[in-house]
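Structure assessment
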Number of protein chains: 2
Amino acid sequence: MEAKEILKVHVAKLASLSDDEFDYFFSFFKKQSFKKGQVLISEGDTVDCEYFVISGCLKSFFINDDLKMFILQFAMPTWWASDYNALYNHTRATISVDCITDVEVLCLSNADREKLCNEIHNAEHFFRWRTNKGYVAANKRLLSLMNNNVKRRYEELLKLYPELYNMVPKSLIAAYLGVSRETLSRLYQA
Amino acid sequence: MEAKEILKVHVAKLASLSDDEFDYFFSFFKKQSFKKGQVLISEGDTVDCEYFVISGCLKSFFINDDLKMFILQFAMPTWWASDYNALYNHTRATISVDCITDVEVLCLSNADREKLCNEIHNAEHFFRWRTNKGYVAANKRLLSLMNNNVKRRYEELLKLYPELYNMVPKSLIAAYLGVSRETLSRLYQA
DNA sequence: CCTGAAATGTGATATAGGTCACATAAATTA
DNA sequence: TAATTTATGTGACCTATATCACATTTCAGG
């Protein structure tokens, strides 16, 4: 399935755009390819795009003063990624985004998203529901982080994205769970 | 300032509704008052409303199998609260909402919100941006939970809502920070 | 197919925070 | 105002996870 079709199916799950509307909608997205390790957004950048993943896997992450990395999100196909704080508030990036594998994305600028939302009521509907779902997911993860121990969070993550197990180094999974790689390593042998 | 005016100012920050549009918008909200301790949403309920706080303070929280409570949100005036997972997905509540103080809210049903979003493009714009902001805030809190120790999270919370310090028992603040009340108690004497 | 780098496993030790138990203080309510 | 409940402080001890150090394995590029 090509990029346009993947986006179309994805959008259709949350909003009903006519074919013409979708063609117009799609015309604002720029297809881009990146190699494993390439950086899409780096701390301190101005951010004006968000990325819809077609193939491969991105991560969005934060590096603290001790150079420890925390992963906010793994972005698999049909997921969106950016530094949304920077994107929405026109501030510099504190979150970085890079490629865990070779990646194809559709890139949409902040200005174009707002234009689309203005011009096509159903586009705004789509983006509202996309974020609604993200909001609910973020709150679930918050609770899981407060309530569950590492083992449980690990099992939860693998249930949610089984592909990750073979796709990304365990150190990144640890950085998503918010534990050291050593602790994660000790989990699945006991 | 009365409820209608508080909501109007709040909405105007994110979307421009005409006076007529806003009157219509407002007509879907029901004003309700609750006493300290009253429960608005309780685990297992079907959820069909969200609440906009006019005065007082709500909390939304989760109780785990060990009867330990985790607070997702303190909802102060102009904040919204509900079990959004249950509300959006028409499932039973896993999150409860109750009153920390006497409270006045404006209640909006899920169906009415969707109706408003359909009929008034700017209403949909408002709700999209409301959730956008919530999403960004939730992700900030996720990072803080992974990156900062209790002391830092406590300071962060008090900077964000200084009112809380005198308004709610420390045990609730601990439940928001995700630590035991004993640990929190030990923080601000050392 | 070799070689260096990256990823992973594992022991020893340190520490933040949890849990339990009980004392004290503050705030409701009869 | 007394009685009762609720909130808070604090000691003693326990546990999950972090950190550091080093060994081993896997993998990508020349």
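Everything that follows concerns the structure shown earlier in this document.
Residues numbered from 1 in each chain as written. Chains lettered and ligands numbered in written order. Predicted model: local features only at pLDDT ≥ 70, side-chain atom pairs only at ≥ 80, totals over all residues. Heavy atoms only, no water.

The subject of this paragraph is the overall build of chain A. Of regular secondary structure, chain A possesses 9 helices and 8 strands. Against the globule reference of 16 Å for 190 residues, chain A gives a C-alpha radius of gyration of 17 Å, in line with a compact fold. Principal axes of the C-alpha set define a box for chain A whose edges measure 55 × 30 × 30 Å. A total of 190 residues make up chain A; the buried ones form 55% of that total. Counting only contacts in chain A whose residues sit at least 6 apart along the sequence, the fraction spanning at least 24 positions is 69%. Of the accessible surface of chain A, which amounts to about 9,000 Å², a share of 50% is contributed by carbon and sulfur atoms. Averaging the locations of the 24 positively and 24 negatively charged side chains of chain A gives two centres separated by 8 Å. (Helix = DSSP H or I, 4+ residues; strand = E, 2+ residues; numbered from the N terminus. Rg over C-alpha atoms; globule rule 2.2 N^0.38 Å. Buried < 20%, exposed > 50% of the residue type's maximum accessible area, 1.4 Å probe, protein only. Contact = heavy atoms within 4.5 Å. Areas by Shrake-Rupley, 256 points an atom, 1.4 Å probe, with all protein chains shown as cover. Lys, Arg positive; Asp, Glu negative; His and termini not counted. Charge placed at Lys NZ, Arg CZ, Asp CG, Glu CD.)

Residues and elements named next belong to chain B. The tally for this structure, following the rule as stated, stands at 24 salt bridges over all chains. A salt bridge links D102 to K35; the nearest nitrogen and oxygen atoms lie 3.6 Å apart. Of this pair, D102 sits in the loop between β7 (96-99) and β8 (103-109) while K35 sits in the loop between β1 (30-34) and β2 (39-41), and the two are 67 residues apart along the sequence. Accessibility expressed as a relative area gives 53% for K35, which makes it exposed. (Salt bridge = Lys/Arg side-chain N within 4 Å of Asp/Glu carboxyl O.)

Residue and element names in this part refer to chain A. Where helix α4 (residues 110-119) meets helix α5 (residues 121-147), the axes come as close as 5 Å, and the angle between the chain directions of the two elements is 120°. When the axis of α4 is compared with that of α5, the two are oblique. Contact with α4, carried on its side by R113, L116, C117 and E119, involves H121, A123, E124 and F127 of α5 and no other residues of that element. Here the contact of α4 with α5 is built from residues that sort into 4 nonpolar, 1 polar and 3 charged. (Axes fitted to C-alpha atoms, helices over the stretch in contact; angles between N-to-C directions. Parallel < 35°, antiparallel > 145°, perpendicular 65-115°, else oblique. Nonpolar A, V, L, I, M, F, W, Y, C, P; charged D, E, K, R; others polar.)

Going through the model one piece at a time under the given rule, you end up with 36 aromatic pairs over all chains. Following the ring pairs from residue to residue traces out a cluster consisting of F22, F25, F26, F29, F52, W80, F126 and F127 of chain A. Cation over ring: K59 of chain B sits above F61 of chain B, and NZ or CZ is 4.7 Å from the ring centre. Of note, R141 of chain B hangs over the ring of Y176 of chain B, and the distance from its end group to the ring centre comes to 3.7 Å. (Phe/Tyr/Trp six-rings, centres within 6.5 Å; stacked < 30°, edge-to-face > 60°. Lys NZ or Arg CZ within 6 Å of the ring centre and 35° of its normal.)

Between the two copies of this chain, the relationship is a rotation about some axis together with a displacement along it. Expressed as a screw operation, the relation of chain A to chain B combines 0.0 Å of axial shift with a rotation of 180°, fitting to an RMSD of 0.0 Å. The superposition of one copy onto the other is thereby described by a two-fold rotation axis. Residue by residue, 98% of the interface of chain A is reproduced at the interface of chain B, so both copies engage with the same surface. (Least-squares fit on C-alpha atoms with pLDDT ≥ 70 in both.)

Attention now moves to the interface of chain A and chain B. At the junction of the two partners, chain A supplies 41 residues and chain B supplies 42 residues. Summed over both sides, the interface between chain A and chain B buries roughly 3,700 Å², with carbon and sulfur atoms accounting for 67% of that surface. Looking only at chain A, the three residues that lose the most surface to chain B are R128, Y135 and M146 of chain A, adding up to 19% of its buried area. Our count for the chain A to chain B interface comes out at 4 salt bridges. Residues E124 of chain A and R128 of chain B are paired through a salt bridge, measuring 2.8 Å at the closest nitrogen-oxygen approach. At the junction of chain A with chain B, the criterion picks out 16 residue pairs in polar contact (both at pLDDT 80 or more). Examining the composition of the side of chain A that touches chain B, we find that 21 residues originate from one element, α5 of chain A, more than from any other. Across the side of chain A that touches chain B, the residue classes tally to 21 nonpolar, 12 polar and 8 charged. (Buried area = accessible area lost by both parts, 1.4 Å probe. Polar contact = N/O pair within 3.5 Å; in protein donor to acceptor, adjacent residues only side chain to side chain.)

Residues and elements named next belong to chain B. Tracing the backbone through its elements, the reader meets L142 in helix α5 (residues 121-147). With relative accessibility at 1%, the residue L142 sits in the buried group. In the structure, L142 is positioned 14 residues away from R128 in sequence and 21 Å away in space, judged by C-alpha atoms.

Let's shift gears to helix α1 (residues 3-12) of chain B. Residue and element names in this part refer to chain B. For α1, the full list of buried residues reads A3, I6, L7, H10 and V11. Seen along its axis, α1 keeps its buried residues to an arc of 130°; they face one direction. Where α1 is buried, its residues contact α2 (19-26), β1, β3 (49-55), β6 (80-81), β8 and α5. (Arc of directions from axis to C-beta.)

Positive phi is not limited to glycine here, since T78 of chain A has a value of about 75°. Taking relative accessible area as the criterion, T78 of chain A reaches 33% and is therefore assigned partly exposed.

Glancing now at the pairing of strand β4 (residues 58-63) of chain A. Residues and elements named next belong to chain A. In terms of burial, β4 is a largely internal element, 5 of the 6 residues being buried. Sheet topology note: the β4/strand β5 (residues 69-75) ladder contains 6 bridges and is antiparallel. Across the sheet, residue F62 finds its bridge partner in β5, namely F70. Adjacent in sequence and paired antiparallel, β4 and β5 are bridged by 5 residues, among which L67 carries a positive phi angle near 65°. (Pairing = 2+ DSSP bridges.)

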